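What the coordinates show
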Amino acid sequence: MASEDTFGANESAPERAFDYDRTVALSDGVFAIALTLLVLSLTIPILKAGHTSRLGSKLVRQHDEFIAYGISFAVIALLWVRHHLLFRTFTRIDMRVTGLNLAYLAFVAFLPFPTRVLAVYGEEPSAVALYAATGAVISLLAGLIRRHMLRAGLVHPSRVHELGDREHWMFK
């Protein structure tokens, strides 16, 4: 089943493991950075000297930021778990998986931006649409990775059932 776009076609098992490990390490790094960027988008209330007692009420007024942060943290955490479960079924990585995974990671890394837009302009339909569209693209790319893995024979035979048992990418 190896094709010319398969990294591991003529490589030893340790070389294939290295390709896999690098791909997973990069992916984990992108997820970690995306989670970090979420918290960095939270703003600290600016208070005039002598008005620090207003901090509590200012923080309460920023509740939309905290809600958006919590939702996106949960979304990215779920995406990371699903990515991990998907990638542990691989026997090897090919160029198509690499390209699709990089596109997937680009949108995961982008997710803090629509999160911030949603936190600031949550009542605007375009803010909600941007967030939803980003999630939809991430889901589509995950589905394309999964579909390619199965069609290209990149899934370990003993693990094909793990993918087949999932009706939806989000649920085990």
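For the structure itself, consult the block above.
For the structure given in this document, a descriptive report is provided here. Small disclaimer: the values here were computed from a predicted structure and weren't measured.

Helix and strand content of the chain: seven helices and zero strands. In sequence order, the secondary structure elements of the chain are arranged as α-α-α-α-α-α-α. For the chain, with 172 residues in total, the buried portion stands at 32%. By sequence separation, contacts in the chain at least 24 residues apart represent 74% of the contacts at least 6 residues apart. On the chain, roughly 10200 Å² of surface is accessible, and the fraction owed to carbon and sulfur atoms is 65%.

Contact geometry of helix H5 (residues 112-121) with helix H6 (residues 125-152) gives a least axis separation of 8 Å together with a crossing angle of 155°. In this view, H5 runs roughly antiparallel relative to H6, as classed from their interaxial angle. You can see that H5 and H6 cross each other, and the crossing is left-handed. Contact with H5, carried on its side by Phe 113, Pro 114, Thr 115, Val 117, Leu 118 and Tyr 121, involves Ala 127, Val 128, Leu 130, Tyr 131 and Thr 134 of H6 and no other residues of that element. For the contact of H5 with H6, the residue count by class is nine nonpolar, two polar and no charged.

Locating Ser 72 in the fold gives a position in helix H3 (residues 63-87). Overall, Ser 72 belongs to the buried group, its relative accessible area being 0%. The sequence separation of Ser 72 and Pro 114 amounts to 42 residues, and the corresponding C-alpha distance is 9.5 Å. When residues no more than four places from it in sequence are discounted, the contact partners of Ser 72 are Leu 38, Thr 115 and Tyr 131.

Glancing now at the side chain of Thr 89. Inspection of the secondary structure puts Thr 89 in the loop between H3 and helix H4 (95-110). A distance of 2.7 Å separates a polar side-chain atom of Thr 89 from the backbone oxygen of Leu 86.

Here we take up H3. Its 25 residues give H3 an end-to-end C-alpha distance of 36 Å, which sits within 8% of 36 Å, the value for a rise of 1.5 Å per residue. The complete set of buried residues in H3 reads Glu 65, Ala 68, Ser 72, Ile 76, Leu 79, Arg 82, His 83, Leu 85, Leu 86 and Phe 87.

Cut-off values and rules
Residues numbered from 1 in each chain as written. Predicted model: local features only at pLDDT ≥ 70, side-chain atom pairs only at ≥ 80, totals over all residues. Heavy atoms only, no water. Helix = DSSP H or I, 4+ residues; strand = E, 2+ residues; numbered from the N terminus. Buried < 20%, exposed > 50% of the residue type's maximum accessible area, 1.4 Å probe, protein only. Contact = heavy atoms within 4.5 Å. Areas by Shrake-Rupley, 256 points an atom, 1.4 Å probe, with all protein chains shown as cover. Axes fitted to C-alpha atoms, helices over the stretch in contact; angles between N-to-C directions. Parallel < 35°, antiparallel > 145°, perpendicular 65-115°, else oblique. Left-handed = near helix turned anticlockwise from the far one by under 90°. Nonpolar A, V, L, I, M, F, W, Y, C, P; charged D, E, K, R; others polar. Polar contact = N/O pair within 3.5 Å; in protein donor to acceptor, adjacent residues only side chain to side chain. Expected span 1.5 Å × (residues − 1).

Nothing here speaks to function; it is geometry throughout.
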